[in-house]
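Descriptive structure summary
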Amino acid sequence: MPDLAVDLAPRNPRELVLKNPVIAASGCFGYGLEYAGVMDVARLGAFVSKGITPKPRSGNPMPRITETPAGMLNAIGLQNPGIRGFVKKYPRVWETWSVPAIVNISAEAVEDYALMARILDELPGIAGIEVNISCPNIAAGGYCFGWDAGMSADVTRAVRAATTLPLIVKLSPGAMDIVGVALAVEEAGADAISLINTLVGMSIDVKRRRPVLANATGGLSGPAIKPVAVRMVYQVAGAVRIPIVGMGGIMGLDDALEFFLAGASAVQIGTAIFAQPGMLVRVIDELGAWMDKEGIASLAEIVGAAHPRRPAIVEAGQVGMVDVAEVAAG
Amino acid sequence: MPDLAVDLAPRNPRELVLKNPVIAASGCFGYGLEYAGVMDVARLGAFVSKGITPKPRSGNPMPRITETPAGMLNAIGLQNPGIRGFVKKYPRVWETWSVPAIVNISAEAVEDYALMARILDELPGIAGIEVNISCPNIAAGGYCFGWDAGMSADVTRAVRAATTLPLIVKLSPGAMDIVGVALAVEEAGADAISLINTLVGMSIDVKRRRPVLANATGGLSGPAIKPVAVRMVYQVAGAVRIPIVGMGGIMGLDDALEFFLAGASAVQIGTAIFAQPGMLVRVIDELGAWMDKEGIASLAEIVGAAHPRRPAIVEAGQVGMVDVAEVAAG
Amino acid sequence: MAREFDGEILACEPVMGDSTLMTVTLPRGMAGGMVAGQFVQILTRMDGSHDPLLRRPYSVYGVDPDTDTMRLLVRPYGRGSAWLAERQVGQTLDILGPLGNAFQISPRARNLLMVAGGVGAAPLVMLSEQALARGLSVTYLMGGMRAEALLAPALVPAAVEYVVATDDGSRGHRGFVTDLVPDYLSWADQIFACGPEAMFLSLRGVVMRHRVGGKPTVQVSVERGMACGLGACLGCVVETKRGMRTSCVDGPIYDMDEVVW
Amino acid sequence: MAREFDGEILACEPVMGDSTLMTVTLPRGMAGGMVAGQFVQILTRMDGSHDPLLRRPYSVYGVDPDTDTMRLLVRPYGRGSAWLAERQVGQTLDILGPLGNAFQISPRARNLLMVAGGVGAAPLVMLSEQALARGLSVTYLMGGMRAEALLAPALVPAAVEYVVATDDGSRGHRGFVTDLVPDYLSWADQIFACGPEAMFLSLRGVVMRHRVGGKPTVQVSVERGMACGLGACLGCVVETKRGMRTSCVDGPIYDMDEVVW
Ligand SMILES: Cc1cc2nc3c(=O)[nH]c(=O)nc-3n(C[C@H](O)[C@H](O)[C@H](O)COP(=O)(O)OP(=O)(O)OC[C@H]3O[C@@H](n4cnc5c(N)ncnc54)[C@H](O)[C@@H]3O)c2cc1C
Ligand SMILES: Cc1cc2nc3c(=O)[nH]c(=O)nc-3n(C[C@H](O)[C@H](O)[C@H](O)COP(=O)(O)OP(=O)(O)OC[C@H]3O[C@@H](n4cnc5c(N)ncnc54)[C@H](O)[C@@H]3O)c2cc1C
Ligand SMILES: Cc1cc2nc3c(=O)[nH]c(=O)nc-3n(C[C@H](O)[C@H](O)[C@H](O)COP(=O)(O)O)c2cc1C
Ligand SMILES: Cc1cc2nc3c(=O)[nH]c(=O)nc-3n(C[C@H](O)[C@H](O)[C@H](O)COP(=O)(O)O)c2cc1C
Ligand code: FES
Ligand code: FES
């Protein structure tokens, strides 16, 4: 049996050791309980909670989701009970579980991220925090934290100061210089980086002549975005030294392997769970079987293997830049 | 019979009047001749040539294309005979055609764009120029022209000074502030804006443990990217006053209508041609029939109709910014 | 408890003009626990294709615990249902279910009125059977475009009063099924409705205008786009007087008066 | 001239173990113009689904101008071919073709050697028929994993010498089909090969080592991922000594000596 275990916070004494590298993604697995009936949650490497905010949120008006070619758009609007409501309900349940629970936090001000991190720091049943920086920074006129290296680092630093819990910072694919943001959050104290969050998209209802979603725009996820996600993981893996958690459109083992080969030490699976909840455990089983067959003893052997030579740390924004631009020109 | 005609260069005395708003996209229709056998090219509103560069290019090594979920990646690498080779061969053929031919130009220096525009200016058989700014700016260390409003405006201004031909500037979806770039190229003299070019993506061949494409990254096109494209057209349409040509994943009439409703005055169809060359003419026919059925006399009636109220010009980068970021957070 | 399972198609019977009544196998013992109003979610694409991506919800039309089977009523509408309607006997479907809550027959109810529009007919047949088994009286109103679009009388339990309406008047009342409702308002203790949103709005108008003292109560099966089907994604919520409720777990059956329309 | 047309499936015959020999209708008059080595591109997904997105190329196995039909040999491999192999008699396919260049029999050639690997057998049967019609001698070498993976002798024209190799030795030579080639090198004027890239490399090695004065010449059908099939996208190029050549218009048949391997 090959070794599937991975530590996502090797620089952190509290460490974040997963028995396998398959994680259920934020917003696609509720609080873990929703799926307890249809699958064996204990088999997972970990799961990430729905995004929690400082105050309760009732979310966006309906419709909130719509299907797109090989993908979906969502504009849930972070419906959640708020950090206080969350704290009362879930940690005590998770404490009795063997699978690590990671809490995803979202906020519109740096202090609010820190506030939530401080609250989570002391709680049992919580293995780590995933910081969702794809949120509007109210102080910056609604400009997205995750699009800017400086603002991303500010959030990371504030959360780092507020907790010793393992910290995964989740990057936004809307950032033009994804490598620059990655380096900035690494420098600011992130234990690991996860990517990608959804791309911003829109569908229009031709009959009503209005955007399908009440919120107009929504987050695009699913297989449609996989090539963008793999590219970004590949680029970020060429630059940072902390572990990377890759995601975006994983629908089975082969997709997960693309992310490992691109440089991810673990993967998250989101949208695919909706279509095939059984897929999570299937990927874990098939990964073990594949490694056996290929004679791979430990996952580390293939992480980043698609890189011709893993380059040393490069200057922000320069990874594959020429390639990238040239190719976009067909 | 409803009026499908559209002028894509209303500010330009040389105008760019199309009998219908359906255009074959650059790189997906060769030089028009390749499809002359399988469809009636004369039915098109216009077609755009493969990207032409100052010097001949033999393109990237193989493999250059790969299929992705509801999309494809390409890294052709702008294989083309160069502007001189191009001039000898195609304008004289197109001169005898009734369908407007638009030349797509790509370069790695501002002067080279201008040089090509000057050459094209005097030629017969050319109805307009589409400026592909998704190219690396060698002077800026390979940073993509189209990602930066200032550099995009520089290219536009130089081309504008070099020709009186109708000028469409084709935006790169890699730009974080797509609205800012659009406003900058409008200001710099573009007659119209087209978007989107491909997103940058990657697929990894799990068997070989290497990127599928020899160039590693490639441009993602097809239905997978449609939601991103519609969103960007919607945002840009809320800001600029010049006509917009929308594209990205159009596979039939309903997709084209999404772009018109989002604010495009015309559409381009690219990847879909590979799958269904007959689709180009089908969309034109179905569009006319649909307008008849809906009692729409002129396309202008539906262009931008999905906007609750077409706002006046807004500040660069602020269109829907909060929505967008919030939504990306699920 | 919901499970993801492979169901084998045992029969496909053409009904209601263009629709198909499909008999599908269930895991042993599951049928007995399924109740009227619940639904299943089916993956409607071939292996290896990722488009269309999400499952499609279908109401349970009926179950047979003896043979461990259920029946589904599928109307070909868009791409998912067209794929499903093309499946053949012997093929298997990837099914998630049973999902959702159920219609609740009040212990004091004697007379039940069903109001069905189109494929909304599906869960109300099963509910009628459950009511008859309890010795209750059932009237089943159904509306459709044309005579052929209606559920054949043979598919409705014989002890049920079956009254129909068609848009073109080719059978029964010419007009909306909701036009028939006022006649039954004083008789019915409860109304159960399933159909398009427009039908609910019209039903609501009729009931609000005519009912006395909040009787009859009305339960509706609300149709929402769904992703997970398990209350995890929060994509299918309905605003109720007590806040946002998922229509896959807290629904699809809602008390009409609870919903913020 | 290539056209996009609907072809109706008239027959599906299981061959070579898991593959299917499909008979499909052509637009009137098209069959007569189709030549060995050409291919068609087929849309391999259901209406309304966008995945898989691109057409799949299939070599023309044979044509019948009298019935306006062609035959295709389809091996279920991935998602596109699996979808295709599942189609049934009476269904139609969206086809683009005929595409590509053709094998060229030299006017001076008398003895032709065919070298087929797996489904590469397809275009070489048609080529053999054309050669026999001109009174030439043909030897047809075929390789496969097992006996069942070979083309049944009945499918190869009777006047052809048919020699086989299998990986497991269950029929004919145990080993690669290219092992058989040296015996025919002095006899053959031309070699025509279709199969996986690995087969070409091994064939090239054998021929380079043994041939005398550039004889026999070798034409190979090269397999490249394709998008447009019409020379427009430049996604399928092969580097030749005279520059980049598309394999959909300038190919798929290349002179082995012209290709930069
Ligand atoms: C709880 C629940 C129970 C359901 N039970 C049944 C059932 O028993 N039988 C059945 O046939 N369908 C039922 N449906 C509808 C079904 O889930 C699918 O929506 C329907 O089959 C169309 O899917 P599609 O893939 O063919 O359409 P798509 O191509 O995905 O098109 C869907 C689009 O059409 C709209 N749409 C979806 N369904 C309809 C419809 N029926 N009428 C008008 N517009 C529609 C959607 O808003 C969307 O824009 C049920 C839905 C829900 C939520
Ligand atoms: C000119 C030409 C003629 C062809 N003629 C035939 C024919 O007559 N009969 C036939 O069955 N196929 C033929 N093919 C192959 C066919 O086009 C498809 O590639 C094949 O059916 C697999 O497609 P898929 O959608 O099933 O696989 P996908 O799921 O799309 O997988 C394709 C993947 O497998 C690889 N691949 C594709 N085909 C093969 C293969 N045969 N062996 C190993 N790896 C492969 C590709 O590189 C790609 O990574 C031909 C290809 C070309 C270019
Ligand atoms: C319905 C839905 C809700 C989501 N909610 C969140 C969230 O609350 N916080 C977050 O960081 N990401 C959220 N995401 C993003 C996913 O965690 C993931 O980054 C993205 O969907 C890409 O992965 P996938 O293609 O496997 O789904 C959500 C995604 C979906 C589809
Ligand atoms: C094979 C291929 C080659 C392309 N070449 C060019 C090019 O030379 N210049 C350019 O501006 N865009 C090029 N594009 C981008 C398309 O014109 C279009 O912007 C993009 O593909 C999105 O539209 P679609 O989804 O309809 O294909 C190319 C696209 C493809 C698929
Ligand atoms: S469908 Fe996901 S919560 Fe209901
Ligand atoms: S497949 Fe497009 S050029 Fe050959």
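Computed from a predicted model, the values in this text were never measured in an experiment.

Our next topic: the overall build of chain C. The helix and strand tally for chain C stands at 3 helices and 15 strands. Computed over its C-alpha atoms, the radius of gyration of chain C comes to 18 Å, within 12% of the 18 Å expected for a compact globule of 261 residues. With respect to the principal axes defined by its C-alpha atoms, chain C has extents near 55 × 40 × 35 Å. For chain C, buried positions account for 58% of its 261 residues. By sequence separation, contacts in chain C at least 24 residues apart represent 62% of the contacts at least 6 residues apart. A total accessible area of about 10,500 Å² is found for chain C, and carbon and sulfur atoms account for 50% of it.

Turning our eyes to something else, we now look at the site of ligand 4. The environment of ligand 4 is formed by 23 residues, the closest being B:Ser26, B:Lys170, B:Gly222, B:Gly249 and B:Thr271. Residue neighbours of ligand 4 fall on chains A and B, so the site bridges chains. A distance of 3.1 Å separates an oxygen atom of ligand 4 from a polar backbone atom of B:Ile196. Contacts to ligand 4 include B:Asn197, whose side-chain N or O atom sits 3.5 Å from an oxygen atom. Looking at the shell around ligand 4 residue by residue, the classes come out as 6 nonpolar, 15 polar and 2 charged.

The subject of this paragraph is the relation of the copies chain B and chain A. Note on the copies: chain B fits chain A at an RMSD of 0.0 Å, the axial shift is 0.0 Å, and the rotation between them is 180°. Here the two chains are linked by the operation of a two-fold rotation axis. Residue B:Ala224 of chain B places its C-alpha closer to the rotation axis than any other residue of that unit, at 2.3 Å. With an isologous cut-off of 70% or more, the 100% of interface residues of chain B that recur at the interface of chain A puts this contact in the isologous class.

The next thing to look at is the interface of chain D and chain B. Taken together, the contacts link 31 residues of chain D with 30 residues of chain B. Between chain D and chain B, roughly 2,400 Å² of surface is buried when both sides are summed, and carbon and sulfur atoms account for 64% of that area. The interface formed by chain D and chain B holds 2 salt bridges in total. Measuring nitrogen to oxygen at the nearest pair gives 2.8 Å for the salt bridge that ties D:Arg56 to B:Glu67. For the pair chain D and chain B, the interface holds 8 residue pairs in polar contact (both at pLDDT 80 or more). Elements represented by at least two residues in the side of chain D that touches chain B include exactly β1 (3–15) and β6 (92–99) of chain D. By residue class, the composition of the side of chain D that touches chain B is 18 nonpolar, 4 polar and 9 charged.

The subject of this paragraph is the domain arrangement of chain C. All names here are of chain C. We note that the domain assignment places domain 1 (3–99) and domain 2 (111–221) within chain C. Computed from C-alpha atoms alone, the centre-to-centre distance between domain 1 and domain 2 is 24 Å. Note on domain 1 versus domain 2: buried area summed over both sides is about 1,200 Å², and carbon and sulfur give 72% of it. Taken together, the links from domain 1 to domain 2 amount to 0 salt bridges. Seen at the junction of domain 1 and domain 2, the total is 1 residue pair in polar contact (both at pLDDT 80 or more). Of all the secondary structure elements, the ones that give two or more residues to the side of domain 1 that touches domain 2 are β1 (3–15), β2 (19–25) and β4 (56–64).

This part takes up the sheet that holds strand β5 (residues 65–68) of chain B. All names here are of chain B. Strand order in the open sheet made by the 4 strands is β5-β6-β16-β13, with antiparallel pairing throughout. A single partner strand is all that each edge strand has here, and the edge strands are β5 and β13 (199–201). Neighbour to neighbour, the strand axes of the sheet diverge by 35° on average, direction disregarded. Note: strand β6 (residues 71–74) against strand β16 (residues 218–221), 3 bridges, orientation antiparallel. In the sheet register, asparagine 74 faces β16, and the bridge partner there is glycine 219.

This paragraph deals with the pairing of strand β3 (residues 39–42) of chain D. All names here are of chain D. Of the two faces of β3, the one carrying Phe39 and Gln41 and the one carrying Val40 and Ile42 are both buried. As paired elements, β3 and strand β4 (residues 56–64) share 4 bridges and run antiparallel to each other. Looking at β4, one finds that phenylalanine 39 is bridged to serine 59. Two strands pair when backbone bridges link them, and β3 and β6 are joined in this way by 3 bridges, in the antiparallel orientation. Of the residues in β6, the one forming a bridge with phenylalanine 39 is leucine 99.

Let's shift gears to the interface of chain B and chain A. The interface of chain B with chain A comprises 74 residues on the first partner and 75 residues on the second. The contact between chain B and chain A buries some 6,000 Å² in all, and 65% of this surface belongs to carbon and sulfur atoms. A:Glu294 serves as the salt-bridge partner of B:Arg209, at 3.1 Å between the closest nitrogen and oxygen. Where chain B meets chain A, there are 12 residue pairs in polar contact (both at pLDDT 80 or more). Counting residues per element, the side of chain B that touches chain A draws most heavily on helix α10 (residues 321–328) of chain B, at 8 residues. Tallied by class, residues from the side of chain B that touches chain A come to 42 nonpolar, 20 polar and 12 charged.

UniProt's entry tags C:Cys228, C:Cys233, C:Cys236 and C:Cys248 with the feature "binding site: [2Fe-2S] cluster" (unreviewed entry), counted in the numbering of this structure. In sequence the annotated residues extend across 21 residues, while in space they remain close, none of their C-alpha pairs exceeding 10.2 Å. Considering the arrangement of structural elements, one finds C:Cys228 in the loop between β12 (217–221) and β13 (237–240). Among all residues touching C:Cys228, those that are not within four sequence positions of it are A:Tyr35, A:Phe274, C:Gln41, C:Leu96 and C:Cys233. By the secondary structure assignment, C:Cys236 is in the loop between β12 and β13. Excluding anything up to four places from it in sequence, C:Cys236 contacts A:Met62, C:Arg224, C:Gly225, C:Met226, C:Arg245, C:Thr246, C:Ser247 and C:Cys248.

Turning to the UniProt feature "binding site: FMN" (unreviewed entry) in chain A, a few remarks are in order. All names here are of chain A. The UniProt entry lists Ser26, Lys50, Gly51, Asn104, Asn132, Lys170, Ile196, Gly222, Gly248, Gly249, Gly270 and Thr271 under the feature "binding site: FMN" (unreviewed entry), expressed in the numbering used here. Mapped onto the elements, serine 26 comes out in the loop between β3 (22–24) and β4 (46–48). Under the relative-accessibility criterion, serine 26 is labelled buried at 15%. Excluding anything up to four places from it in sequence, serine 26 contacts Val48, Ser49, Lys50, Gly51, Asn104, Glu130, Lys170 and Gln268. A distance of 2.7 Å separates a polar side-chain atom of serine 26 from the backbone oxygen of serine 49. With respect to the helices, strands and loops of the structure, glycine 249 is situated in the loop between β17 (244–246) and α7 (253–262).

Counted according to the given criterion, the structure contains 30 aromatic pairs over all chains. Ring plane angle 85° and centroid distance 5.8 Å describe the contact between A:Tyr143 and A:Trp147, whose orientation is recorded as edge-to-face. For A:Trp147, a relative accessible area of 12% puts it in the buried group. Look at D:Phe200 and D:Trp261: their rings are 6.1 Å apart centre to centre, the planes differ by 55°, and that puts the pair in the tilted class. Placement of D:Phe200 in helix α3 (residues 197–210) and of D:Trp261 in the segment after β15 (253–255) is noted, with a sequence separation of 61 residues between them. Taking relative accessible area as the criterion, D:Phe200 reaches 1% and is therefore assigned buried. Of the aromatic side chains, those joined through ring pairs into one cluster are A:Phe29, A:Tyr31, A:Tyr35, A:Phe47, A:Phe86, A:Tyr90, A:Trp94 and A:Trp97. Against the face of C:Trp83 rests C:Arg87, its NZ or CZ located 3.9 Å from the ring centre.

All names here are of chain D. If you trace the 7 strands from one edge of the open sheet to the other, you get β10-β9-β8-β7-β11-β12-β15, paired in mixed fashion. Bordering the open sheet on either side are β10 (173–174) and β15, each of which pairs with just one other strand. By the bridge criterion, 3 bridges tie strand β12 (residues 217–221) to β15 in an arrangement that is antiparallel. Note on β15: the bridge partner recorded for valine 220 is tyrosine 254. Lying on the sheet, α3 is in contact with β7 (111–117), β11 (190–194) and β12; it crosses β11 at an angle near 160°.

Pairing between side chains of opposite charge can happen when their charged atoms approach one another. A full pass over the atoms with the stated rule returns 44 salt bridges over all chains. B:Asp255 is the salt-bridge partner of B:Lys226, the closest N and O atoms lying 2.7 Å from each other. On the criterion of sequence distance, the pair formed by B:Lys226 in helix α6 (residues 226–237) and B:Asp255 in helix α7 (residues 253–262) is long-range, its members being 29 residues apart. Classification of B:Lys226 as buried rests on a relative accessible area of 8%. You can call B:Asp255 buried: its relative accessible area is 9%. Among the ionic pairs, D:Arg87 bridges to D:Glu86, the shortest N-O distance being 3.9 Å.

Thresholds, definitions, all that
Residues numbered from 1 in each chain as written. Chains lettered and ligands numbered in written order. Predicted model: local features only at pLDDT ≥ 70, side-chain atom pairs only at ≥ 80, totals over all residues. Heavy atoms only, no water. Helix = DSSP H or I, 4+ residues; strand = E, 2+ residues; numbered from the N terminus. Rg over C-alpha atoms; globule rule 2.2 N^0.38 Å. Buried < 20%, exposed > 50% of the residue type's maximum accessible area, 1.4 Å probe, protein only. Contact = heavy atoms within 4.5 Å. Areas by Shrake-Rupley, 256 points an atom, 1.4 Å probe, with all protein chains shown as cover. Near = heavy atom within 4 Å. Polar contact = N/O pair within 3.5 Å; in protein donor to acceptor, adjacent residues only side chain to side chain. Nonpolar A, V, L, I, M, F, W, Y, C, P; charged D, E, K, R; others polar. Least-squares fit on C-alpha atoms with pLDDT ≥ 70 in both. Buried area = accessible area lost by both parts, 1.4 Å probe. Salt bridge = Lys/Arg side-chain N within 4 Å of Asp/Glu carboxyl O. Domains from an automatic or database assignment. Pairing = 2+ DSSP bridges. Axes fitted to C-alpha atoms, helices over the stretch in contact; angles between N-to-C directions. UniProt positions renumbered as here; feature names shortened; annotations may be inferred. Phe/Tyr/Trp six-rings, centres within 6.5 Å; stacked < 30°, edge-to-face > 60°. Lys NZ or Arg CZ within 6 Å of the ring centre and 35° of its normal.

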